[in-house]
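Residues per chain are reported as follows:
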Amino acid sequence: MAIDWQQYRCEEYHDELFQAAALPRAAAKQLTDYLDSLSTADLAERRLAAELAIKVMGVTFTVYSEGRNVDRAWPFDIIPRVIDRREWEKTEAGLKQRVAALNLFIQDLYGDQKIIKDKVFPAEVLADSVNFRPQCKGMTPPNGIWAHICGSDLVRGGDGTIYVLEDNLRVPSGVSYMLENRLVTKRVFPELFETTNILPVDDYPTQLFDMLAAMSPRPGDDPNIVLLTPGIYNSAYFEHCYLAQQMGIELVEGPDLTVGDDDCVYMRTIYGPRRVDVIYRRIDDLFLDPEAFNPDSVLGVKGLMRAWLKGKVALVNAPGAGVADDKVVYTFVPAMIKYYLGEEAILPNVPSFLCMDPKQRKYVIEHLDELVVKPANESGGYGMLIGPRSTKAEREKFRKLIEANPRNYMAQPTLSLSTAPTITDDGIEPRHLDLRPFILSRGDSTYVTTGGLTRVAMVKNSLVVNSSQGGGSKDTWIVDLENDMDPKSLIQIQSQQKKKNGSAA
Amino acid sequence: MLSRVADNLYWFGRYLQRAENTARVVNVHANLLFDLPRKVQFGWEPLIDIFGADNGFNEHYNEYSEANVVRFLMIDARNQGSIVSSLNSAREILRTTRDHVQREVWEKLNDLYFYVQERGETAVTRSKRQEFLSRIIDGIQLIYGMLVSNMSHDVGFQFLRIGTNLEQADMTTRIIDVRSSNLFSTMSVEDLRPFQNIQWMSVLRSLTAYQMYRRHVRIRVTGASVLRFLLQNREFPRSITFCLNHIAFTLPLLPHNRAIERAVDRTRALVHDANLEKLSESGLHEFVDEIQIGLGAVHEAVQNAYFKV
């Protein structure tokens with residue numbers, strides 16, 4: 001036996017696969033038993049096979065540092081993260097509820113602003129929002145959907161509760177890695193897919209395409225859908241290519257598109273201009289249209305906002321949706337759910353302190369060494385203070401930053417993020433992780449990915465899971481125990497496996 | 001097909017062809033020098049003329065020495081037309097069109113690019129150069145092979161073919177132009193005789209045309225017959241007529257455009273009607289200029305029809 005689960009120290013945090021040392025959770029038992037049956041050499045071989053598969057499949061992400069853009073192989077840990085289907089269903093319902101409220105909230109902000117008039121949401125938070133786009137006032141996009149694609153980051157605390165850490169409503173990325181992780185795992189552990197009831201994830205591109213098509217301003221016709229990328233120097237360019245290929249749509253750049261005198265959007269093809277109905281844009285708002293926003297943008301399309309406001313083209317996500325993608329606005333989501341839907345939030349927020357409130361600010365400043373302080377509008381883990389790991393000078397810097405601009409900061413207690421067994425150079429050890437599911441909203445229905453992208457901090461005790469900062473990822477399994485196979489068949493396969501190994505040796 | 005993607009594939013074809021021809025021309029030139037009499041004042045300057053790169057060269061170098069010229073044409077990134085620049089341009093294009101070209105092509109091109117970067121410096125010296133240039137030529141031929149046999153022959157592929165053929169036609173005119181100008185003006189007719197054919201043979205060798213020429217023509221190498229072969233032969237893939245014919249075959253597969261057809265037809269007629277006996281004596285340079293203007297018109301017409309929508 002290569003892996004000694006007795007040696008796996010999981011007591012300090014909530015572990016995703018084990019409830020106690022050597023005692024796997026029900027949904028993970030088949031996996032851990034199987035891993036148990038592998039020799040050290042087997043495991044190393046599987047790990048190598050995964051690395052090779054990633055290289056051959058060309059799964060990369062781009063890093064800016066090191067002076068130039070470099071394509072790096074996607075960091076991947078072969079041991080999957082397992083979630084019981086029953087638990088996932090509840091999470092899924094919570095995500096749908098949350099995104100429904102967020103879309104109503106965005107529509108309200110660009111409309112009558114009832115939530116402010118009813119004093120549920122403070123006017124000053126909106127006044128200072130950097131992602132509010134006055135150009136969108138009075139607009140109602142098709143079906144009232146602004147955030148068609150939402151990537152919410154979920155974490156599990158020490159008590160096992162799943163919290164929402166943030167909602168990414170601008171151009172959330174990572175879904176291609178979720179899909180590729182599954183393909184790699186199928187190559188590496190094909191046996192497990194025979195015996196364990198793992199729900200499939202590969203429906204996403206179809207669901208995405210259907211959602212995009214449903215947004216077309218010319219219903220009934222075969223809509224022309226494109227993916228608008230900032231180009232090869234964007235860190236998510238791999239994903240842009242991947243999704244365009246998977247959906248069979250054109251991957252376009254700003255200069256490929258023009259807006260005609262009829263306010264319709266056209267793409268330049270060798271057959272002449274072709275009308276575009278839906279744009280899945282992976283460019284930030286401010287670069288979308290030099291006419292409406294940043295006049296220096298060369299990534300965008302002149303007149304695009306005009307076309308969108310006239311309803312001639314659908315933009316996904318809608319411009320201005322980012323107003324709800326703000327770590328201060330985030331703290332009001334449970335109140336929004338109550339206000340718009342009359343329901344209690346199914347998924348809790350991480351308890352948060354708002355620095356704009358004098359009392360809470362005082363608490364934050366006095367407890368900087370215990371809290372995580374986040375600016376309202378950064379993403380990718382940048383510009384944060386992680387209190388327990390900070391130096392005195394860093395805390396002092398943040399005290400000044402907070403006092404200078406309290407609206408821009410919020411703080412949360414340092415979470416003891418859950419862990420899962422991960423292969424490291426020192427053997428199998430617990431590593432912290434999070435989960436980013438993707439939610440597609442089209443107005444008449446909502447789709448949630450089966451699981452999502454699990455990101456793992458490969459460095460011991462680190463809480464930073466971003467791939468740009470040394471994070472890795474794992475395949476995420478939603479396992480259905482109720483419709484499971486006879487456990488005996490697994491044992492059979494294992495014994496065949498052992499026989500094979502025996503004869504080979 | 002997006003205009004940008006078509007444009008990229010067209011230039012991808014051109015850059016590959018440019019890199020390969022440059023490698024051939026440099027290689028053959030060295031061989032030619034070995035065969036010439038010592039009194040012939042004939043150095044490396046004509047190579048710079050072939051690529052019309054005098055200005056760029058003089059900006060960075062002050063002598064047409066072998067090392068300078070070879071470095072400039074092979075590995076100088078400041079020269080837009082150097083082998084390394086052409087490969088780099090092709091590679092940058094492939095990065096943005098990787099959903100249209102199979103991954104193996106990207107891998108092979110990457111290999112080749114890194115090879116040129118790593119080994120280029122040593123190939124400035126004669127002893128390593130031949131091997132270096134052969135590897136480049138082989139590498140590019142391998143990429144062509146993969147493109148032709150593995151890529152769908154769809155609209156995008158047709159743009160790649162047009163770019164490849166137009167670049168080849170252009171390279172052929174350049175090689176004819178420079179190689180055929182009178183290299184031996186300083187020598188008497190008597191002294192010249194043994195070497196008269198060497199220059200025409202080197203024209204053929206620059207285009208890997210010598211063997212095919214022999215099969216087709218079966219007479220000794222003369223100026224007029226070499227010109228006829230390189231301008232008008234319908235079967236040799238680097239002749240100008242062949243390249244233009246291939247562009248013409250491709251056009252019906254694309255959205256119809258009269259301007260391109262006219263530009264191709266006009267240039268084909270020009271090449272076809274040339275009086276080669278006379279041209280081999282005088283006026284060749286002016287004639288080649290006319291062909292190049294014609295090829296330029298084809299390029300313009302393609303740009304206007306499909307890329308500048």
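The structure presented is a predicted model; accordingly, all values stated were derived computationally and were not measured.

A word on the overall build of chain B
Scanning chain B from N- to C-terminus turns up 16 helices and 0 strands. Here the C-alpha radius of gyration of chain B, 19 Å, is about what a compact globule of 309 residues would show, namely 19 Å. The C-alpha extent of chain B, read off along each of the three principal axes, is 60 × 45 × 35 Å. By the burial criterion, 58% of the 309 residues in chain B qualify as buried. Sequence separation of 24 or more characterises 64% of the internal contacts of chain B that already satisfy a separation of 6 or more. Summed over its atoms, the accessible surface of chain B is roughly 13,800 Å², and 47% of this surface lies on carbon and sulfur atoms.

Looking at the overall build of chain A
Summing up its helical and strand segments, chain A has 15 helices and 24 strands in all. Compactness check: chain A gives a C-alpha radius of gyration of 24 Å against a globular reference of 23 Å for 505 residues, within 12% of the reference. Judged by the C-alpha coordinates and their principal axes, chain A covers about 75 × 65 × 50 Å. Counting across all 505 residues of chain A, residues that qualify as buried make up 55%. Taking all contacts inside chain A whose residues are at least 6 apart in sequence as the whole, residues at least 24 apart take part in 68%. Entry remark: accessible area of chain A is about 21,100 Å², with carbon and sulfur atoms responsible for 51%. The positive charge centre, built from 57 side chains, and the negative charge centre, built from 69, are 2 Å apart in chain A.

A short note on the interface of chain A and chain B
In this complex, chain A contributes 23 residues to the contact, which on the side of chain B involves 17 residues. Buried area between chain A and chain B, summed over both chains or domains, comes out near 1,900 Å², and the portion from carbon and sulfur atoms is 50%. For chain A, the biggest contributors to the area lost against chain B are A:Ile232, A:Arg268 and A:Ile270; these three give 33% of the whole. If you look at where chain A meets chain B, you find 2 salt bridges. Taking the shortest distance from any N to any O, the salt bridge between B:Arg4 and A:Glu253 comes out at 3.4 Å.

A look at the pairing of strand E23 (residues 453–457) of chain A
Residues and elements named next belong to chain A. Among the 5 residues that make up E23, 5 are buried, leaving the element largely enclosed by the rest of the structure. The alternating pattern of E23 places Leu453, Arg455 and Ala457 and Thr454 and Val456 on opposite faces, both of which are buried. Looking at chain direction, strand E20 (residues 427–436) and E23 are connected through 4 bridges and run antiparallel. When the bridges of E23 are listed, Arg436 appears paired with Leu453.

Things to note about the packing of aromatic side chains
All names here are of chain A. This structure, assessed with the given rule, holds 29 aromatic pairs over all chains. Between Tyr34 and Phe189 the ring centres are 5.8 Å apart and the planes differ by 85°, which places this aromatic pair in the edge-to-face class. Here Phe189 lies in the loop between helix H6 (175–188) and helix H7 (190–195) and Tyr34 lies in helix H1 (residues 29–37), a separation of 155 residues in the sequence. Both rings, one in Trp146 and one in Trp308, keep their centres 5.9 Å apart while their planes meet at 75°; by these two values the pair is edge-to-face. Here the residue Trp146 occupies a position in the loop between helix H5 (123–127) and strand E6 (149–156), and Trp308 occupies one in helix H11 (residues 304–309), the gap between them amounting to 162 residues. For Trp308, a relative accessible area of 2% corresponds to the buried category.

Details of the sheet that holds strand E12 (residues 272–276) of chain A
Residues and elements named next belong to chain A. Taken together, 3 strands build an open sheet; the order of strands is E10-E11-E12 and the sheet is antiparallel. Edge positions in the open sheet fall to strand E10 (257–259) and E12, since each of these has one partner strand only. Within the sheet, the average angular offset between the axes of one strand and its neighbour, ignoring direction, is 40°. Strand direction decides the pairing type here: E10 and strand E11 (residues 265–269), joined by 3 bridges, are antiparallel. Each residue of the ladder has a partner; that of Val259, found in E11, is Val265.

Describing the nonpolar core
A:Ile106, A:Ile279, B:Phe12, B:Phe159 and B:Leu230 are the most contacted members of the largest nonpolar core, which has 179 residues in total. Sort the elements by how many residues they give to this core and helix H1 (residues 3–35) of chain B lands first, with 14 residues. Not counting chain neighbours up to four residues away, the residues in contact with B:Phe159 comprise A:Ile270, B:Ala6, B:Leu9, B:Tyr10, B:Leu254, B:Tyr306 and B:Phe307. By size, the runner-up hydrophobic cluster in this structure holds 63 residues, among which are A:Met57, A:Trp74, A:Met215 and A:Leu440.

A few points about the side chain of A:Arg81
Residue and element names in this part refer to chain A. Looking at the secondary structure, you find Arg81 in strand E5 (residues 76–84). For Arg81, a relative accessible area of 5% corresponds to the buried category. A polar contact of 3.3 Å, which involves the side chain of Arg81, links it to the side chain of Glu16. Not counting residues within four places of it along the chain, the set of residues in contact with Arg81 comprises Glu16, Leu17, Leu433, Asp434, Leu435, Thr454, Lys474, Asp475, Thr476 and Trp477.

What to know about the sheet that holds strand E16 (residues 371–375) of chain A
Residues and elements named next belong to chain A. An order of E15-E18-E16-E17 is seen for the 4 strands of this open sheet, with the pairing classed as antiparallel. Strand pairing shows two members of the sheet lacking a second neighbour, strand E15 (353–354) and strand E17 (385–386), which therefore form its edges. Bridge count for E16 against strand E18 (residues 409–413) is 5 bridges, and the pairing is antiparallel. When the bridges of E18 are listed, Lys374 appears paired with Met410.

Describing the pattern of salt bridges
Oppositely charged side chains can pair when the atoms bearing their charge come close. Here the structure, examined in full by the defined rule, presents 48 salt bridges over all chains. When the shortest N-O distance is used, the salt bridge between B:Arg4 and A:Asp256 registers 2.6 Å. You can see B:Arg4 sitting in helix H1 and its partner A:Asp256 sitting in the loop between strand E9 (250–252) and E10, one on each of two chains. The burial state of B:Arg4 is the same as that of A:Asp256; both residues are buried. For the salt bridge of A:Lys362 with A:Glu366, the shortest nitrogen-to-oxygen distance reads 3.2 Å. Of this pair, A:Lys362 and A:Glu366 both sit in helix H13 (residues 358–366), 4 residues apart, which is roughly one turn of that helix. Connected via shared salt-bridge partners are A:Asp263, A:Glu291, A:Lys302, A:Arg306 and A:Lys310.

Section: the side chain of A:Glu166
As for its position among the elements, A:Glu166 is in strand E7 (residues 162–168). If we ignore the near neighbours within four places in the chain, the residues touching A:Glu166 are A:Gly151, A:Ser152, A:Asp153, A:Lys327 and A:Tyr330.

Considering unusual backbone geometry
Here the residue pair A:Val316 and A:Asn317 is connected by a cis peptide bond, since its omega of -10° sits within 30 degrees of zero. For A:Asn317, the position within the fold is in the loop between strand E14 (314–316) and helix H12 (333–341).

Structural notes on the packing of H13(A) against helix H14 (residues 392–404) of chain A
All names here are of chain A. Two elements in contact, H13 and H14, have axes whose closest approach is 10 Å; the angle formed by their N-to-C orientations is 170°. Judged by the angle between their axes, H13 and H14 are roughly antiparallel. Along the contact surface, H13 presents Arg361, Val364 and Ile365, while H14 presents Arg399, Ile402 and Glu403. Among the residues making up the contact of H13 with H14, the classes are represented as 3 nonpolar, no polar and 3 charged.

Quick word on helix H5 (residues 83–96) of chain B
With 14 residues, H5(B) ought to run about 20 Å at 1.5 Å a step, and its terminal C-alpha atoms sit 21 Å apart, in line with that. Of all 14 residues in H5(B), 12 are buried, a share of seventy percent or more. Where H5(B) is concerned, the buried positions are B:Ile83, B:Val84, B:Ser85, B:Ser86, B:Leu87, B:Ser89, B:Ala90, B:Arg91, B:Ile93, B:Leu94, B:Arg95 and B:Thr96. Looking at the buried residues of H5(B), the elements they touch are helix H9 (237–247) of chain A together with H1, helix H4 (66–74), helix H6 (103–119) and helix H7 (126–150) of chain B.

The rules behind the values
Residues numbered from 1 in each chain as written. Chains lettered and ligands numbered in written order. Predicted model: local features only at pLDDT ≥ 70, side-chain atom pairs only at ≥ 80, totals over all residues. Heavy atoms only, no water. Helix = DSSP H or I, 4+ residues; strand = E, 2+ residues; numbered from the N terminus. Rg over C-alpha atoms; globule rule 2.2 N^0.38 Å. Buried < 20%, exposed > 50% of the residue type's maximum accessible area, 1.4 Å probe, protein only. Contact = heavy atoms within 4.5 Å. Areas by Shrake-Rupley, 256 points an atom, 1.4 Å probe, with all protein chains shown as cover. Lys, Arg positive; Asp, Glu negative; His and termini not counted. Charge placed at Lys NZ, Arg CZ, Asp CG, Glu CD. Buried area = accessible area lost by both parts, 1.4 Å probe. Salt bridge = Lys/Arg side-chain N within 4 Å of Asp/Glu carboxyl O. Pairing = 2+ DSSP bridges. Phe/Tyr/Trp six-rings, centres within 6.5 Å; stacked < 30°, edge-to-face > 60°. Axes fitted to C-alpha atoms, helices over the stretch in contact; angles between N-to-C directions. Core = buried A, V, L, I, M, F, W, Y, C linked by side-chain atoms within 4.5 Å. Polar contact = N/O pair within 3.5 Å; in protein donor to acceptor, adjacent residues only side chain to side chain. Parallel < 35°, antiparallel > 145°, perpendicular 65-115°, else oblique. Nonpolar A, V, L, I, M, F, W, Y, C, P; charged D, E, K, R; others polar. Expected span 1.5 Å × (residues − 1).

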